Amino acid sequence: MASIKLGNKIVGIPKGTDVEEFTKIVDTFYKLLTTTNQINGKKLTPEEIADLKFPPSLKSALVAKGIKF
């Protein structure tokens, strides 16, 4: 299994996934989870984020970037 380093943590990526592609996916989800909603002006709470279903590799990558589940 391939892996990438995010911050100070090593995160495994799914087999057959390009490293750059996976990094873009992680960055996109990170932006979605940390950006303020333009309609109601609120951010997602950790409880709301915990209710979302993510694959284990994506979840561990988001945790490495600082998202709290």
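A brief report on the enclosed structure follows. (Residues numbered from 1 in each chain as written. Predicted model: local features only at pLDDT ≥ 70, side-chain atom pairs only at ≥ 80, totals over all residues. Heavy atoms only, no water.)

Description of the packing of aromatic side chains
Piece 1. Per the counting criterion, the structure on display carries 2 aromatic pairs.
Piece 2. With 5.5 Å between their ring centres and 90 degrees between their planes, Phe29 and Phe54 make a pair best called edge-to-face. Linking Phe29 in helix α1 (residues 19-34) with Phe54 in the loop between α2 (46-51) and α3 (56-65), this pair joins segments that are 25 residues apart in sequence.
Piece 3. Phe54 gets classed as buried once you look at its relative accessible area, which sits at 17%.
Piece 4. Ring centres 5.8 Å apart and planes at 75 degrees place the aromatic pair Phe54 and Phe69 in the edge-to-face group. One end of the pair, Phe54, is in the loop between α2 and α3; the other, Phe69, is in the segment after α3, and 15 residues separate them in sequence.
Piece 5. Overall, the relative accessible area of 29% leaves Phe69 in the partly exposed class.
Piece 6. Through a chain of ring-to-ring contacts, the aromatic side chains of Phe29, Phe54 and Phe69 assemble into a single cluster. (Phe/Tyr/Trp six-rings, centres within 6.5 Å; stacked < 30°, edge-to-face > 60°. Helix = DSSP H or I, 4+ residues; strand = E, 2+ residues; numbered from the N terminus. Buried < 20%, exposed > 50% of the residue type's maximum accessible area, 1.4 Å probe, protein only.)

Some remarks on the nonpolar core
Looking at soluble globular proteins, one finds that nonpolar side chains tend to be buried together.
Piece 1. One finds Leu6, Val26 and Leu62 to be the most contacted residues of the largest nonpolar core, which totals 14 residues.
Piece 2. Listed by contribution, the elements that provide at least two residues to this core are β1 (3-6), α1 and α3.
Piece 3. For this core, the element with the highest residue contribution is α3, accounting for 4 residues.
Piece 4. In this structure, Val26 is in contact with Leu6, Leu58, Ala61, Leu62 and Lys65, ignoring residues within four places of it in sequence. (Core = buried A, V, L, I, M, F, W, Y, C linked by side-chain atoms within 4.5 Å. Contact = heavy atoms within 4.5 Å.)

So, the layout of surface pockets
Piece 1. When its volume is computed, the largest pocket comes out at roughly 160 Å³.
Piece 2. Looking at side-chain class alone, the lining of the largest pocket contains 2 nonpolar, 4 polar and 3 charged residues. (1 Å grid on protein atoms, 1.4 Å probe; cavity = no way out; pocket = protein on both sides within 12 Å on 5 of 7 lines; lining within 4 Å. Points joined across faces, edges and corners; volume = space filled by probe spheres on them. Nonpolar A, V, L, I, M, F, W, Y, C, P; charged D, E, K, R; others polar.)

What to know about the environment of Tyr30
Piece 1. Relative to the helices and strands, Tyr30 resides in helix α1.
Piece 2. When its relative accessible area of 28% is taken as the criterion, Tyr30 is described as partly exposed.
Piece 3. Between the C-alpha atoms of Tyr30 and Lys65, which are 35 residues apart in sequence, the distance is 7.7 Å.
Piece 4. If we ignore the near neighbours within four places in the chain, the residues touching Tyr30 are Leu62, Lys65 and Ile67.

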